[in-house]
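Okay, here's what each chain looks like letter by letter:
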Amino acid sequence: MEKVNAMNQENKNIKRVDIDQKYKWKLSDLYQNWDEWEKDYKKMDQMISEIASFKGKLRDNPETFAKAVLLNEEFDILSYKVFRYPQLMLDLNSKDQFVASKFQKVQILFSKFSIQNSWIAPEILSIPMETVIGWIDTNPDLEPHRFSIMNMFRLQKHVLSEDKEKLLSFYSQFSSSPKSIYSQLSTADIKFNEVKLSNDETIKISPANYSRILATNRNQDDRKKTFEALYSVYQDYQNTYASIYNASVQADWASSQARNYTSSLEAALEGDNIPTEVYRNLVQTVGENTAPLKRYARLRKKILGLEKYHVYDGSVAIVDFDKKYSYDDVTKWILESTEPLGGEYQEKLKNALNGKWIDVYETEGKRSGAYSAGVYGVHPYMLLNYNETLDSVFTLAHELGHTMHTMLSSEAQPFATHEYTIFIAEVASTFNERLLLDYLLNRTTDPKERIALLQQEIRNLTGTFYFQALLADFELQVHELAEKGEAITSEVLGDTMSAIYDKYYGDSVEKEDLLRVVWARVPHFFNSPFYVYQYATCFVSSAVLYDKITNPENSKAEREEALKKYISLLKSGGNDYPMEQLKKAGVDLTQKEVTLALTKQLDIMLDLLEKEIENLEK
Ligand SMILES: [Zn+2]
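Calculation criteria
- Residues numbered from 1 in each chain as written.
- Predicted model: local features only at pLDDT ≥ 70, side-chain atom pairs only at ≥ 80, totals over all residues.
- Heavy atoms only, no water.
- Pairing = 2+ DSSP bridges.
- Helix = DSSP H or I, 4+ residues; strand = E, 2+ residues; numbered from the N terminus.
- Axes fitted to C-alpha atoms, helices over the stretch in contact; angles between N-to-C directions.
- Contact = heavy atoms within 4.5 Å.
- Buried < 20%, exposed > 50% of the residue type's maximum accessible area, 1.4 Å probe, protein only.
- Parallel < 35°, antiparallel > 145°, perpendicular 65-115°, else oblique.
- Left-handed = near helix turned anticlockwise from the far one by under 90°.
- Nonpolar A, V, L, I, M, F, W, Y, C, P; charged D, E, K, R; others polar.
- Salt bridge = Lys/Arg side-chain N within 4 Å of Asp/Glu carboxyl O.
- Phe/Tyr/Trp six-rings, centres within 6.5 Å; stacked < 30°, edge-to-face > 60°.
- Core = buried A, V, L, I, M, F, W, Y, C linked by side-chain atoms within 4.5 Å.

What follows is about the sheet that holds strand β3 (residues 358–361). Taken together, the three strands give an open sheet; going across it, the order is β3-β5-β4, and neighbouring strands pair in mixed fashion. Lying at the two open borders of the sheet, with one neighbouring strand each, are β3 and β4 (371–373). Across the sheet, the mean angle from the axis of one strand to that of its neighbour is 10°, orientation sign disregarded. Bridging between β4 and strand β5 (residues 381–386) involves three bridges; their strand directions are antiparallel. Paired with Tyr 371 across the strands is Leu 383, a residue of β5. Where helix α2 (residues 62–92) meets the sheet, its contacts fall on β3, β4 and β5, and the angle it forms with β4 comes to roughly 160°. The strands touched by helix α18 (residues 390–412) within the sheet are β3, β4 and β5, with β5 carrying the most contacts at an inclination of about 175°.

Right under this line is the structure:
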């Protein structure tokens, strides 16, 4: 996942023509040239037909079964390299038509694979489970595949008979159409309003401009205009948006019922074997412990000197702080900040920083944001748009966390289990951000810098933890309305959202009628239902582990034990269900206390913030 709050793209004027090659990534680690790439591409194309030739033969004998499984794996391994080479190049220059055509070729190849080989899973499932277990028991080459094959059998009760699956497949395009309608309306057809700001500048309020203005503009009236300009667009279309969302929620419920699930939530969580109580615990515990969130709003109101505090006052920095951090300094600090993770971790991190795995600076045509993209058997590549702000410093630490997780898993696991699930993906990244925060807090006595640092962490707690739990609460409630057969209209959605905002913010924020349509702005609701809660649970897991490893109140032996378990988690890829992986590391998300601890964490951060504000005033 990309860093959630890395939405603001500032400093668009940074155009470095002569960037030192050490700040660019080295794609020759993938292929020396296109000829080499072409060889692998052709090989994959041949493999598709080879795999297809096994159709109807998997049941025959264990040797054929193993051959097919291993050939399929070989295809998957190659696909990482063949896909990434053009993809990474395209991300540096989206206008390169030559590379774009290569990338398109890969996409065509992948769809050819899925059309020709959609029989594999059903055919494996047609063999009795005991037979397959016996084959795996006697063939060590199949051992790494045991987990994923057993998982297929676990989910078999939700696979229907062939004729029913066929019937459902006729509707698959149709049931995903709310997604595409939403995307067309929200990107192609939507018309954003223009506003004139206090500096006489007239600006179109797109979501990107909205985030930037709310985070940087110190004039409350400008922020108000900006907020109203954006949300009134969604309000204008609220009935259309509500119909689309209703269609999406109904499609979820229809498919859940067809596939023998008791709820849409269960259907969404079953793939990773997450108990629904984890979701419900999160929503309930956070909803009952919103006092620190309200305290923060009141504190901001006071510090910003506002007569009334509105929802659009929530992201502007509470002190002016524009210190620039040079990339070379920051990489040194990040390396030092990971000392609590041990020498082996630091050595590997040094490799990641010095091996030309990172494309650091913004350049013409480069895509925005930041990511870490794994390539099995090679190493991850990181894309940044580093602009020397504190925000981009933390983005770097975040993406390096993903990279280290990917490296450790890829080295320790066979291909079949190297990939970790989204459910634990944000643990290592947020853990590293927290290490850096504590490291930087120790380095500085400047109250302004300390406030900026604390704000960074508070923003994670309010934006990643609280706000994602708020969104999770909303989508659960709406899906439950559908399950009870109740109508889902713009009125109902507005009332639901409004009640949740009341629960979270109470009277610490002025009531805002336009907030009733917040849901229409959340693409995840339409594209991947019951997804955002994982940002919150990852954050909880990461905080629990951080406390176990670094809290001086724990004995040295306890801390060492916790560290050992944490590194094992990072090395475990996807070799078990994520809840089990976390339990082995010492985090049990079915326990409410772990979530509760995080709401207290915000209070602790606010105590620190108040102290720094006093220091500033002295
Ligand atoms: Zn991330």
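Next comes the rest of the write-up.
Across a regular strand the side chains alternate sides, sitting on one face of the sheet and then on the other. Among the six residues that make up β5, six are buried, leaving the element largely enclosed by the rest of the structure. Here β5 shows a buried face lined by Tyr 381, Leu 383 and Asn 385 and a second buried face lined by Met 382, Leu 384 and Tyr 386. With three bridges joining them, β3 and β5 adopt parallel strand pairing. Within β5, the position partnered with Asp 359 by the bridge is Leu 383.

Quick look at the packing of helix α20 (residues 447–483) against helix α23 (residues 533–550) now. For the pair α20 and α23, the least separation of the axes is 7 Å and the interaxial angle reads 135°. Comparing the axis directions of α20 and α23 gives the class oblique. α23 is crossed by α20, and the crossing has left-handed handedness. Within the contact between the two elements, α20 uses Glu 457, Asn 460, Leu 461, Thr 464, Phe 465, Gln 468 and Ala 472 and α23 uses Tyr 533, Tyr 535, Ala 536, Phe 539 and Val 540. Classifying every residue of the contact of α20 with α23 gives eight nonpolar, three polar and one charged.

Here we take up unusual backbone geometry. Positive phi is not limited to glycine here, since Asp 200 has a value of about 75°. In this fold, Asp 200 is placed in the loop between β1 (194–196) and β2 (202–204). With relative accessibility at 58%, the residue Asp 200 sits in the exposed group. A positive phi is found at Phe 530, a non-glycine position, where the angle reads about 55°. Position of Phe 530 among the secondary structure elements: in the loop between α22 (523–527) and α23.

Attention shifts here to the pattern of salt bridges. Oppositely charged side chains are able to pair whenever their charged atoms sit close together. Summed over the entire model, instances satisfying the criterion amount to 35 salt bridges. The partner of Arg 154 in a salt bridge is Glu 270, and the shortest N-O contact between them spans 3.5 Å. Placement of the pair is Arg 154 in helix α6 (residues 146–154) and Glu 270 in helix α13 (residues 264–270), with a sequence separation of 116 residues. Accessibility expressed as a relative area gives 11% for Glu 270, which makes it buried. As a salt-bridge pair, Lys 366 and Asp 359 come within 2.7 Å of each other at their nearest N and O atoms. Classification of Asp 359 as buried rests on a relative accessible area of 0%.

Turning our attention to the packing of aromatic side chains. For any pair of aromatic rings, the description consists of the separation of the ring centres together with the inter-plane angle of the planes. What the rule picks out here adds up to 41 aromatic pairs. With a centroid separation of 4.7 Å and 35° between ring planes, the pair formed by Phe 227 and Tyr 231 is classed as tilted. Placement of the pair is Phe 227 and Tyr 231 together in helix α11 (residues 220–236), with a separation of four residues, close to one helical turn. Of the two residues, Phe 227 and Tyr 231, both sit in the buried class. With a centroid separation of 6.4 Å and an interplanar angle of 55°, the aromatic rings of Tyr 231 and Tyr 234 are classed as tilted. Of this pair, Tyr 231 and Tyr 234 both sit in helix α11, three residues apart, which is roughly one turn of the helix. One exposure class covers both Tyr 231 and Tyr 234, and it is buried.

For the rest of this paragraph, the subject is the nonpolar core. Residues Tyr 327, Ile 358, Trp 519, Tyr 566 and Leu 609 are the most contacted members of the largest nonpolar core, which totals 150 residues. Looking at which element gives the most residues to this core, the answer is α20, with 17 residues. When sequence neighbours within four positions are dropped, the list of residues in contact with Tyr 327 reads Tyr 23, Leu 353, Ile 358, Val 360, Tyr 361, Leu 384, Tyr 386 and Leu 396.

At their nearest, the axes of helix α14 (residues 276–288) and α23 sit 11 Å apart, and the two run at 85° to each other. If you check the angle between α14 and α23, you find them roughly perpendicular. Residues Val 278, Tyr 279 and Leu 282 of α14 form the contact with α23, whose participating residues are Tyr 533, Ala 536 and Thr 537. Residue composition of the contact of α14 with α23, grouped by class: five nonpolar, one polar and no charged.

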